[in-house]
Amino acid sequence: VASQGNSSDAFLSCLSASIPRQLVFTPSSPSFTPLLKSSIRNPKFFTPSTVRPLYIVTPTNASHVQAAVLCGRRSGLRIRVRSGGHDYEGLSYRSVRAEAFAVLDLSSLRSVRVDAQAATAWVDSGAQLGELYYAIGKASSVLGFPGGLCPTVGVGGHFSGGGFGMLLRKYGMAIDHVIDAVLVDAKGRLLNKNTMGSDVFWALRGGGGESFGVVLSWQVKLLPVPPKVTVFNVPVTASQGAADVVTRWQQIAPALPEDLIIRVVVQQKTANFQSLFLGTCDALLPVMSSRFPELRFNRSDCREMTWIQSVPYIYLGSASTVEDLLNRTTAESVFSSGYKATSDYVRRAIPRDAWASIFTKLAQPNAGLMILDPYGGQIAAVPESATPYPHRAGVLYNIQYMNFWSMASGDGAVQTRWIREFYAFMAPFVSSSPREAYFNYRDLDLGENVVVGNVSSFQAGMVWGQKYFKGNYQRLAMAKAQIDPDDYFRNEQSIPPFANSR
Ligand code: FDA
């Protein structure tokens, strides 16, 4: 405890030379707890027993980030970087084990600069996805970007782990379109694509947040969208044959034209087919009747709008507006329900009788839900080693499992057990050796780092690393050894350095 005290005092006095005092918060400051809570999305990581930061630093420019890293290293205090705070395991603001750390909260670094002429944008990590989409929509009605659905997700964590949403079949992952990045490394250097080197630039784009340093901003390529898109949401209940329609969907959805994505949210006894089509209702109708007649889709299901209008419509509902994409405040209601999530990839269609069992399990008390995102199209056209994100050709769809509970009525033990049992039940039907998982749907049940000699072990990290990254895990560990051989930037699932661990 004494040495913790010394290192934290040293951190503060070191920082005072380079960062205005009002940007550094200690637990005694009245703003500390509201700031800590401001982007927490899973309140199960905001309890009296949560291991919280000693400080929160809110940099407003790159030199503040450089100073925080240098002071952190000098005084032996680790840093956890937070952009949007949506990490499923809360690793951007809490530690699993007792540890002294500071949170570097990037929420003040959130500018978005769109160059519509060049079809590019620079976006700071602290921006939320909604702010990026909004700025693109303001600059052009025919440009878009393929990232996640939830507008409050932070660009920093999202791009670090890959990022996919309704444009995934047309344009693949967010990281497939990152063309430059600005990084503060463990030596406090400010690097870009050329100065960080090609291995590190490769690793940043999907190799997971925290591991390689602090990414301050990203340059992305923007992509064409038509002036009009069509959205639909068609529910099919179990009694209407949901198990049959989902069974068919597995074959159809990954093979549809790239302009069309139909994802499914399966909850209780209903499968909700949610879609974005890059074109008009007139163009969509014949595709649906020839390719997916089982859905009994018709003209009254179509909602035509601009791409930017479709973003809030799909995630926030039909009453939302484009301006809602800019809303950053965490509703207090977020603090009423905790959740547990995990993921799978399906490479062979799941048989009809297994779907019948799945629907039975989803109808149990305290059951969770499944979100099925179909692959194929451009996400599958990128080679597995082109980026760290390896779940490409051959994947039919991604599954996300989620289960929620009211924080007022329990600690989520029952719902968490349900997810774990359901995940075990699904094993025969999903990818294996490794059982693939999506880094951005982080799950510590898949494994945690083991620190040996003050460095995370490469061997131990394989357990979770190969699930997220398959054969790219070792190359990520080699990039880590180049940029942060001492493993300063680390958490429970950060990439271990390869060279140091043998
Ligand atoms: P957060 O700030 O918690 O960071 C996540 C991780 O990255 C942490 O380890 C953190 O230390 C590190 N990190 C953050 N910023 C960094 C930076 N600038 N430099 C280096 N490391 C950094 N995903 C998806 O692909 N499609 C989707 O549609 C959705 N939808 C969705 C909805 C909701 C409600 C949630 C909670 C999450 C999603 N996600 C998602 C998952 C999301 O992509 C994932 O949680 C991201 O990591 C969140 O990024 P944040 O910046 O918000 O998280």
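Everything that follows concerns the structure shown earlier in this document.
Because the structure is a prediction, the values reported are computed rather than measured.

> Report on the overall build of the protein, specifying residues and quantitative values.
On a plain count of helices and strands, the protein comes out with 16 helices and 20 strands. A globule of 502 residues ought to have a C-alpha radius of gyration of about 23 Å, and the protein, at 22 Å, matches this closely. Across its three principal axes, the protein shows a C-alpha extent of roughly 70 × 50 × 45 Å. For the protein, the residues scored as buried account for 59% of the 502 residues in total. Long-range pairs, those at least 24 residues apart, make up 75% of the contacts in the protein between residues at least 6 apart in sequence. Accessible area of the protein: about 19000 Å², with a carbon and sulfur share of 52%. In the protein, which carries 47 positive and 37 negative side-chain charges, the distance between the mean positions of the two groups comes to 1 Å.

> Break down the site of the ligand for me, citing the residues and quoting the values.
Near the ligand you find 33 residues, and of these V81, S83, S92, F164 and Y438 are the closest. Residue E210 places a main-chain N or O atom 2.9 Å away from a nitrogen atom belonging to the ligand. Contact distances for the ligand include 3.2 Å between an oxygen atom and a side-chain N or O atom of N440. Taking 960 Å² as the accessible area of the ligand by itself, protein coverage stands at 94%.

> Now, about helix α12 (residues 352-362): what can you tell me, with residues and values included?
Of the residues making up α12, those classed as buried are A354, W355, I358, F359 and L362. Down the axis of α12, the sector holding all buried residues measures 145°, keeping them to one side. Those residues of α12 that are exposed and aimed more than 90 degrees away from the buried face are D353 and T360.

> Go over the layout of surface pockets, please, and point to the residues and values.
Looking at the second largest pocket, its volume works out to about 280 Å³. In terms of lining, the second largest pocket is formed by 19 residues, of which the most central are K44, F45, E89, D411 and T416. In terms of residues, the lining of the second largest pocket owes the most to one element, helix α14 (residues 413-426), which gives 3 residues. Residues of the lining of the second largest pocket, tallied by class, amount to 6 nonpolar, 6 polar and 7 charged.

> Describe in detail the pattern of salt bridges, supporting the description with residues and values.
Under the definition given, this model contains 29 salt bridges. Of the charged contacts in the structure, one is a salt bridge between K340 and E89, with a shortest N-O distance of 3.6 Å. Linking K340 in strand β16 (residues 337-346) with E89 in the loop between β3 (78-82) and β4 (101-105), this pair joins segments that are 251 residues apart in sequence. Accessibility expressed as a relative area gives 4% for K340, which makes it buried. On the basis of relative accessible area, E89 is assigned to the buried category, the value being 7%. K480 is the partner of D487 in a salt bridge, and the nearest nitrogen-oxygen pair spans 3.4 Å. In this structure, D487 and K480 share a single accessibility class: buried.

Criteria and cut-off values
- Every chain's residues receive numbers from 1 upward, in the order its sequence appears when written.
- Restriction of local features to residues with pLDDT of at least 70 applies here, the model being predicted, together with a cutoff of 80 or more for giving and counting side-chain atom pairs; totals for whole chains, interfaces and linings are based on all residues.
- Working from all heavy atoms in the structure, the side-chain values ignore hydrogens and water.
- Secondary structure elements follow DSSP: runs of H or I of four or more residues count as helices, runs of E of two or more count as strands, with numbering from the N terminus.
- Both definitions apply: the radius of gyration is a C-alpha atom measure, and the globule rule equals 2.2 Å times residues to the power 0.38.
- Three exposure classes are used, based on accessible area relative to the maximum for each residue type with a 1.4 Å probe and protein chains only: buried under 20%, partly exposed in between, and exposed over 50%.
- Residues are treated as being in contact if the distance between any of their heavy atoms lies within 4.5 Å.
- Accessibility throughout is a Shrake-Rupley quantity obtained with a 1.4 Å probe, and a residue counts as covered only by protein chains that appear here.
- Neither His nor the chain ends contribute to the count of charged residues, in which Lys and Arg are positive and Asp and Glu negative.
- For this purpose, a charge sits on NZ of Lys, CZ of Arg, CG of Asp or CD of Glu.
- Whether a residue is near a molecule or strand is decided by its heavy atoms; if any one of them lies within 4 Å of it, the residue is near.
- In protein, a polar contact requires one atom able to donate a hydrogen and another able to accept it; more generally it is a pair of N or O atoms within 3.5 Å, and residues adjacent in sequence count only if both atoms are side-chain atoms.
- In this description, the arc belongs to the directions extending from the helix axis to the C-beta atoms.
- A 1.4 Å probe that fits into a set of points on a 1 Å grid over the protein atoms alone but cannot get out defines a cavity; an open set with protein on both sides within 12 Å along at least five of seven lines defines a pocket, and lining residues are those with an atom within 4 Å of a point.
- Grid points are joined across faces, edges and corners, and a volume is the space filled by probe spheres set on the points.
- Here the nonpolar group is Ala, Val, Leu, Ile, Met, Phe, Trp, Tyr, Cys and Pro; Asp, Glu, Lys and Arg are the charged ones; every other residue, Gly included, is treated as polar.
- The working definition used for a salt bridge is a side-chain nitrogen of Lys or Arg within 4 Å of a carboxyl oxygen of Asp or Glu.

Any link to function would need more than the numbers given here.
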